[in-house]
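Structure at a glance
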Amino acid sequence: MSSARFEHFLWGIVLGMVYLWLKKRRGDRLLLHPVALAATVPVLYLGTALPDWDIAVFGIGGHRNPLFHSAIPYFCLAWLWRRLGLPEVVYSIGGPRLASALHVGLALGLASHLGLDVWQYGDVRWMPGETLGRLWLSGHAVLSGLVAWFPQSGRSTPSSS
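Procedures and definitions
- Residues numbered from 1 in each chain as written.
- Predicted model: local features only at pLDDT ≥ 70, side-chain atom pairs only at ≥ 80, totals over all residues.
- Heavy atoms only, no water.
- 1 Å grid on protein atoms, 1.4 Å probe; cavity = no way out; pocket = protein on both sides within 12 Å on 5 of 7 lines; lining within 4 Å.
- Points joined across faces, edges and corners; volume = space filled by probe spheres on them.
- Helix = DSSP H or I, 4+ residues; strand = E, 2+ residues; numbered from the N terminus.
- Nonpolar A, V, L, I, M, F, W, Y, C, P; charged D, E, K, R; others polar.
- Expected span 1.5 Å × (residues − 1).
- Buried < 20%, exposed > 50% of the residue type's maximum accessible area, 1.4 Å probe, protein only.
- Arc of directions from axis to C-beta.
- Contact = heavy atoms within 4.5 Å.

**A short note on empty space enclosed by the protein**
If you walk through the whole model with that rule in mind, you get one cavity of 30 Å³ or more. The volume enclosed by the largest cavity comes to roughly 60 Å³. Lining the largest cavity, in full, are Y19, L20, K23, D28, L30, L31, S100, V104 and P151. For the lining of the largest cavity, the secondary structure elements donating two or more residues are α1 (3–25) and α5 (86–120). Residue classes in the lining of the largest cavity are distributed as six nonpolar, one polar and two charged.

**Let's talk about helix α4 (residues 72–83)**
Counted at 1.5 Å a residue, the expected span for α4 with its twelve residues is 16 Å, and the 16 Å between its end C-alpha atoms agrees. Among the residues making up α4, those that are buried are P73, Y74, A78 and W81. Along α4, the residues classed as buried sweep out an arc of 135 degrees about the axis, all on the same side. Residues of α4 that are exposed and point more than 90 degrees away from the buried face comprise W79 and R83. Buried positions along α4 lie against α5 and α6 (130–149).

This is the structure in structure tokens:
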């Protein structure tokens, strides 16, 4: 693990701890179960690493582009998750706790990566100016944080057809 990867993961752990503390203060203890925490950490790591996959796709010259350094990867994976029928499988294994842990971990990992990039870098490829890049990263970090704060149950509703 590189120092930058470790830094992003550490920042994700800190954000995850703040998230759990705030949720506990509001009386929401859904993810405070040891199994939920154990499921959240690897997915949180995945969320912190996901934006850097742009290097593998576009090369280092395309690093920190708006396709990967945004909430777009979360929504693409959430769509694929539902398309493959995984909500029902995960819900049958671990109920709403496991489903929420997986979504929250990914969203918080992504939010922490984007938030750290606002502070450390600010520039986003294919966007003019550092200010616009910081606004892009900030907006998507907040959006990812909101996705984590208001997780869906992970269970799709039966269709009426």
